[in-house]
Amino acid sequence: MSFEDATKSNRRQFIQMAGVGIAASSAIALSGTQASASVPKPELTTGSFVGKRLLPDLVVADPTAIPGPISYDSPRSHDIHLVAKSVVSEILPGVTHTFMTFNGQVPAPMIRARQGDTLNITVTNSPENETSHSIDLHAVRGTGGGAGYSEVAPGKSKTFTFKADYPGAFIYHCGVSNMDEHISRGMFGMIVIEPLEGLPAVDREFYIGQHELYTKESFGQPGEANFDGRSMVKEDPTYVLFSGAVAPFVASRFGTMKAEVGETVRVFLVSGGPNLMSSFHPVGNVWSRAWPQGGLANEPLKYIQTWPVTPGSTFVGDMDLPVPGLITLVDHALSRVTNKGNAAQIEVIGDDNPEFLDAKG
Ligand SMILES: [Cu+2]
């Protein structure tokens, strides 16, 4: 099989896998075994920092392994430790990439605190790395958002402290001179500074990150996909990913995200880029409440269909789930879905609700 054939074959496989003829997404119906599984609520941990990879040898972050809503009402101090390390991880079956990460996961762990809290940020650069890394948090006022104080050589650590005096959901990312490559390869995450009054309660929260990967090899070519700086400069990526893999959260890969009819869910999206804007849309639903740019200090917009999430920013959106089915989260620049790997699904489990949707057949 030629590389060209392999690519085509893999692309077909991906489209089938993700069910992302979008209209065809219902083809991955609720008839699978996962539909009947009980849906345990995620453990909502209070505290500052939780992160977990879906599998030890995979960078894909568990979208539910995040700190829970803030439950305290006086300022606290948090110690955050981020370790820069490289991880070889599967983009899709048979294709790997050497990702650059914070704590081995993409997106990097969500940091969650409250307006007025103090955060002690330590960045450690693993000794086996070959380049420096740093952290630029958009929740920080100061040189490089902290990058000026945190650039570390392999084997070293640096710490700085800041007060989170304004609320919002912000990106953080590596801030070294070739940060565009480092972000493309996985070095970005979200820091949520909750406003003093907190956020409206929801039943579940999910956390994903969009980024594009530029490789010398074409989409789906088996083996290691090597980073390609030239296609990055042209802004012509091979893959447009959620959380470091092609369509990670579909039944045929690592499983859908799950919720129940009647619940309200919140999605935290961090758009790493480094270059593409995500036209973020939930196929089969609408954002009942939306905080563009992660602007949590503002009143949310209501019933928003698709929102541009610029590189270097975030989006926070809530959905109501009156009917069962699949919601496919996409960048609505749809060639990125059908050709470059961008899709993630929330599976809504429960009884039909003909008052809202009556499929008569
Ligand atoms: Cu870096």
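Report follows, based on the coordinates. Computed from a predicted model, the values in this text were never measured in an experiment. (Residues numbered from 1 in each chain as written. Predicted model: local features only at pLDDT ≥ 70, side-chain atom pairs only at ≥ 80, totals over all residues. Heavy atoms only, no water.)

## Section: the overall build of the protein chain
Alright, step 1. Counting secondary structure elements, the protein chain contains 6 helices and 20 strands.
Alright, step 2. Residues counted as buried form 56% of the 361 residues belonging to the protein chain.
Alright, step 3. Total accessible area on the protein chain stands at roughly 14,600 Å², and carbon and sulfur atoms take up 51% of it. (Helix = DSSP H or I, 4+ residues; strand = E, 2+ residues; numbered from the N terminus. Buried < 20%, exposed > 50% of the residue type's maximum accessible area, 1.4 Å probe, protein only. Areas by Shrake-Rupley, 256 points an atom, 1.4 Å probe, with all protein chains shown as cover.)

## Structural notes on the sheet that holds strand 16 (residues 301–304)
Alright, step 1. As summarised here, the arrangement of the 6 strands in space is 11-9-13-18-15-16, forming an open sheet in which the pairing is mixed. Only two strands of the sheet have a single partner each, and these edge strands are strand 11 (239–242) and strand 16. With direction set aside, neighbouring strand axes in the sheet form an average angle of 25°. (Pairing = 2+ DSSP bridges. Axes fitted to C-alpha atoms, helices over the stretch in contact; angles between N-to-C directions.)

## Thoughts on the coordination of the copper ion
Tetrahedral coordination by four donors sets the ideal angle at the metal to 109.5 degrees; octahedral coordination by six donors sets it to 90 or 180 degrees.
Alright, step 1. For the copper ion, the protein coordination sphere consists of His-133 (ND1), Cys-174 (SG), His-182 (ND1) and Met-187 (SD), at 2.0 to 2.8 Å.
Alright, step 2. Every donor counted, the 4 donor atoms about the copper ion form angles of 81 to 136° at the centre, which fits irregular coordination.
Alright, step 3. Summarised as a motif, the one-chain spacing of the donors to the copper ion is H-x40-C-x7-H-x4-M. Taken together, the residues span a long stretch of sequence, with His-133 in the loop between strand 4 (118–125) and strand 5 (136–137) and His-182 in helix 4 (residues 179–184) at a distance of 49 residues.
Alright, step 4. Owing to a relative accessible area of 0%, His-182 belongs among the buried residues under this scheme. (Donors = N, O, S within 2.8 Å, 3.2 Å for Na, K, Ca; no water. Tetrahedral: all angles 85-135°; square planar, octahedral: opposite > 155°, others 65-115°.)

## Here's the deal with the sheet that holds strand 14 (residues 278–283)
By definition, the strands of a sheet pair up through backbone hydrogen bonds, in either a parallel or an antiparallel sense.
Alright, step 1. One open sheet accounts for 5 strands, arranged 12-20-19-14-17; its pairing is mixed. Every interior strand has two partners, whereas the edge strands, strand 12 (257–260) and strand 17 (307–309), have only one. Taken over all neighbouring pairs, the strand axes of this sheet differ in orientation by 25° on average, direction set aside.
Alright, step 2. Note: strand 12 against strand 20 (residues 344–349), 4 bridges, orientation parallel. Each bridged residue has a counterpart across the sheet, and for Glu-260 the counterpart in strand 20 is Ile-349.

## A look at the pattern of salt bridges
Alright, step 1. The tally for this structure, following the rule as stated, stands at 14 salt bridges.
Alright, step 2. When the shortest N-O distance is used, the salt bridge between Arg-141 and Asp-165 registers 2.9 Å. Of this pair, Arg-141 sits in the loop between strand 5 and helix 3 (147–150) while Asp-165 sits in the loop between strand 6 (157–163) and strand 7 (168–173), and the two are 24 residues apart along the sequence. (Salt bridge = Lys/Arg side-chain N within 4 Å of Asp/Glu carboxyl O.)

## Some remarks on the packing of aromatic side chains
Alright, step 1. Summed over all chains, the structure comprises 10 aromatic pairs.
Alright, step 2. Relative to Phe-280, the ring of Phe-242 lies with its centre 6.3 Å away and its plane at 70°, an arrangement referred to as edge-to-face. Taken together, the positions of Phe-242 in strand 11 and Phe-280 in strand 14 put the pair 38 residues apart, joining distant regions of the chain. The two residues Phe-242 and Phe-280 agree in class, both being buried.
Alright, step 3. The exposure class of Phe-280 is buried, given its relative accessible area of 0%.
Alright, step 4. Taken together, the ring pairs in this structure connect Phe-242, Phe-280, Trp-287 and Phe-315 into an aromatic cluster. (Phe/Tyr/Trp six-rings, centres within 6.5 Å; stacked < 30°, edge-to-face > 60°.)

## Side note on the pairing of strand 2 (residues 95–102)
Regular strands place side chains that alternate from one sheet face to the opposite one.
Alright, step 1. Within strand 2, 6 of the 8 residues are buried, leaving the element largely enclosed by the surrounding structure.
Alright, step 2. Examined bridge by bridge, strand 1 (residues 77–92) and strand 2 share 8 bridges and lie antiparallel to one another. For Ser-89, the partnering residue across the bridge sits in strand 2 and is His-97.
Alright, step 3. Between strand 1 and the antiparallel strand that follows it, strand 2, lie 2 residues; Gly-94 among them carries a positive phi value of about 90°.
Alright, step 4. Across 2 bridges, strand 2 lies against strand 10 (residues 223–224) in parallel orientation. Opposite Val-95, over in strand 10, you have Gly-223 as the bridge partner.

## A short note on the nonpolar core
Alright, step 1. Counting 34 residues, the largest nonpolar core has Ile-91, Met-190, Tyr-239 and Val-246 as its most contacted members.
Alright, step 2. For this core, the elements supplying multiple residues, two or more each, are strand 1, strand 2, strand 7, strand 8 (188–194), strand 9 (204–213), strand 11 and strand 13 (264–273).
Alright, step 3. Residues from two domains meet in this core; each of domain 1 (3–38 + 203–349) and domain 2 (77–194) gives at least three.
Alright, step 4. For Ile-91, the residues in contact, after removing those within four places along its chain, are Thr-96, His-97, Phe-99, Leu-213, Ala-225, Tyr-239, Leu-241, Gly-244, Ala-245, Val-246 and Arg-253.
Alright, step 5. Listed in part, the 27 residues of the second largest apolar core include Ala-113, Leu-119, Leu-137 and Cys-174. (Core = buried A, V, L, I, M, F, W, Y, C linked by side-chain atoms within 4.5 Å. Domains from an automatic or database assignment. Contact = heavy atoms within 4.5 Å.)

## Things to note about the environment of Ile-183
Alright, step 1. Among the secondary structure elements, Ile-183 is positioned in helix 4.
Alright, step 2. Ignoring any residue separated from it by four or fewer positions in sequence, one finds Ile-183 in contact with His-173, Cys-174, Phe-188, His-211, Gly-272, Gly-273 and Pro-274.

## Structural notes on the environment of Ala-259
Alright, step 1. Its location among the elements puts Ala-259 in strand 12.
Alright, step 2. C-alpha of Ala-259 to C-alpha of Ile-349: the two residues are 90 residues apart in sequence and 6.2 Å apart in space.
Alright, step 3. Those residues within four positions of Ala-259 in sequence are excluded, and the remaining contacts are Arg-204, Val-265, Leu-321, Ile-346, Glu-347, Val-348 and Ile-349.

## Quick notes on the side chain of His-133
Alright, step 1. Relative accessible area serves as the criterion here: at 3%, His-133 is assigned to the buried category.
Alright, step 2. Of note is the side chain of His-133, whose polar atom sits 3.1 Å from the side chain of His-182.
Alright, step 3. Ignoring any residue separated from it by four or fewer positions in sequence, one finds His-133 in contact with Ala-84, Met-100, Asn-125, Ser-150, Glu-151, Val-152, Cys-174, Val-176, His-182 and Met-187. (Polar contact = N/O pair within 3.5 Å; in protein donor to acceptor, adjacent residues only side chain to side chain.)

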